[in-house]
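A look at the structure
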Amino acid sequence: FRVQNVGWATADVGIPVNIWAAIPPSTEYTKVGTVYTTQQLKATEGQPLKFDYQRPGADIYNIDIKLTFDENAPTECRSDNNETSHSIKCVEPIN
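The following paragraphs examine the structure supplied in this document. (Residues numbered from 1 in each chain as written. Predicted model: local features only at pLDDT ≥ 70, side-chain atom pairs only at ≥ 80, totals over all residues. Heavy atoms only, no water.)

Next up on the list: the environment of Asn62. Relative to the helices and strands, Asn62 resides in strand S5 (residues 62–69). When the C-alpha atoms of Asn62 and Pro25 are compared, they prove to be 9.2 Å apart, with 37 residues separating the residues in sequence. (Helix = DSSP H or I, 4+ residues; strand = E, 2+ residues; numbered from the N terminus.)

Following this line, the structure appears as structure tokens:
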């Protein structure tokens, strides 16, 4: 995934991005990890980040992922853009 600074100020190195997962039909997210930016991000700049997630069971094919920035993120004028979520759907193998 890629994070992007859509603000006006430069974001420092080391901004935490929290990764949450929910297994449908549950909508309850559990925190599964945190990754950190490794470079300063000026306004409009972005950085690809990677997190390896091990699904909790071989029969789990659908996972909802949510990414959030830490409450202590840098100066914010809009905190409503510090979260995104996506559903990952894998095709069940045919035997």
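Here we come to unusual backbone geometry. The omega torsion of the bond from Pro24 to Pro25 falls at 15°, within 30 degrees of zero and hence cis. Considering the arrangement of structural elements, one finds Pro25 in the loop between strand S2 (16–22) and strand S3 (30–36). Here the phi dihedral of Thr44 falls at roughly 75°; this positive angle occurs in a residue that is not glycine. Examined against the element boundaries, Thr44 turns out to sit in the loop between S3 and strand S4 (46–48).

Where a protein is soluble and globular, its nonpolar side chains tend to be buried together. Formed by 13 residues in total, the largest nonpolar core has its most connected members in Val17 and Ile65. Listing elements by their share of this core, those giving two or more residues are S2 and S5. Not counting chain neighbours up to four residues away, the residues in contact with Val17 comprise Phe1, Val3, Gly33, Thr34, Val35, Leu49, Leu67, Thr68 and Phe69. (Core = buried A, V, L, I, M, F, W, Y, C linked by side-chain atoms within 4.5 Å. Buried < 20%, exposed > 50% of the residue type's maximum accessible area, 1.4 Å probe, protein only. Contact = heavy atoms within 4.5 Å.)

From the geometry alone we can't say anything about function, so treat these as descriptive.
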